[in-house]
Amino acid sequence: MGERTVNREAWAAVVAQLVRDEAGGNTTAFAKLVGVTYKTVRRWLTQETDVSEDSIRQVANALHVKPGPLLVRAGFYSPDEIAGDQAPADADDPAMRVILESDVPPRVKQRMIQRLQALRAKDSERHVDEVKWWIDQAKEM
């Protein structure tokens, strides 16, 4: 099979929509959110450069969405080719699934996901402290 190429016009439209939906129209904020430079996002929007499949998957991962629909919209694959594409691993997490399936704007989902991750990190620290306490108690027996 030959090398796949992106439809630059279609990808520019996808990026423009994502910038509006995910970053309130702020290109710099969107670039930071998805882990690329402002210059890269501008090049995508002005159709100056192709985007790689890996970059599309990076965008999807950063936004906690399935990469398949983005890859189809960008012209990398047909819907039939991508039908088996899996959801991000965190979609198996019940709390994450509730957030991902909620009817709130994407940038609100992003904040909820960040808050959930912070709460889990704090909870994990609390568990470690509790286990250390158990160990100290066992040593005193």
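Residues numbered from 1 in each chain as written. Predicted model: local features only at pLDDT ≥ 70, side-chain atom pairs only at ≥ 80, totals over all residues. Heavy atoms only, no water.

Some remarks on the packing of helix α7 (residues 94–101) against helix α8 (residues 106–139)
- It is the contact of α7 with α8, at a shortest axis distance of 9 Å, that shows an interaxial angle of 165°. When the interaxial angle is binned, α7 and α8 end up roughly antiparallel. Where α7 crosses over α8, the two elements pack in a sense that is right-handed. Facing A95, M96, I99 and L100 of α7, the residues of α8 in contact are K109, M112, I113, L116 and R120.
- Across the contact of α7 with α8, the residue classes tally to seven nonpolar, no polar and two charged. (Axes fitted to C-alpha atoms, helices over the stretch in contact; angles between N-to-C directions. Helix = DSSP H or I, 4+ residues; strand = E, 2+ residues; numbered from the N terminus. Parallel < 35°, antiparallel > 145°, perpendicular 65-115°, else oblique. Left-handed = near helix turned anticlockwise from the far one by under 90°. Contact = heavy atoms within 4.5 Å. Nonpolar A, V, L, I, M, F, W, Y, C, P; charged D, E, K, R; others polar.)

Some details on the environment of S52
- Here S52 lies in the loop between α3 (38–45) and α4 (53–63).
- Between the C-alpha atom of S52 and that of V98, which follows or precedes it by 46 residues, the distance is 30 Å.
- Separated by 3.0 Å, the side chain of S52 and the backbone nitrogen of S55 make a polar contact. (Polar contact = N/O pair within 3.5 Å; in protein donor to acceptor, adjacent residues only side chain to side chain.)

Focus: the packing of aromatic side chains
- Taken as a whole and judged by the stated rule, the model has one aromatic pair.
- Both rings, one in W11 and one in W44, keep their centres 5.4 Å apart while their planes meet at 75°; by these two values the pair is edge-to-face. Of this pair, W11 sits in helix α1 (residues 8–23) while W44 sits in helix α3, and the two are 33 residues apart along the sequence. The burial state of W11 is the same as that of W44; both residues are buried. (Phe/Tyr/Trp six-rings, centres within 6.5 Å; stacked < 30°, edge-to-face > 60°. Buried < 20%, exposed > 50% of the residue type's maximum accessible area, 1.4 Å probe, protein only.)

Let's talk about the confidence of the model for the chain
- Of the residues in the chain, 91% have a pLDDT of 70 or more, and the chain-wide mean is 85.
- Within the chain, the element-level pLDDT minimum falls on helix α6 (residues 79–82), averaging 77, and the maximum on α3, averaging 96. (pLDDT = per-residue confidence, 0-100.)

Considerations on the pattern of salt bridges
- By the definition in use, this model includes five salt bridges.
- Here R8 and D50 are joined by a salt bridge, their closest N and O atoms 2.7 Å apart. Here D50 lies in the loop between α3 and α4 and R8 lies in helix α1, a separation of 42 residues in the sequence.
- A salt bridge links D93 to R120; the nearest nitrogen and oxygen atoms lie 2.2 Å apart. Pair noted here: D93 is in the loop between α6 and α7 and R120 is in helix α8, with a separation of 27 residues, a long-range link.
- Shared partners join several salt bridges into a network, and the residues in it are D123, R126 and E130. (Salt bridge = Lys/Arg side-chain N within 4 Å of Asp/Glu carboxyl O.)

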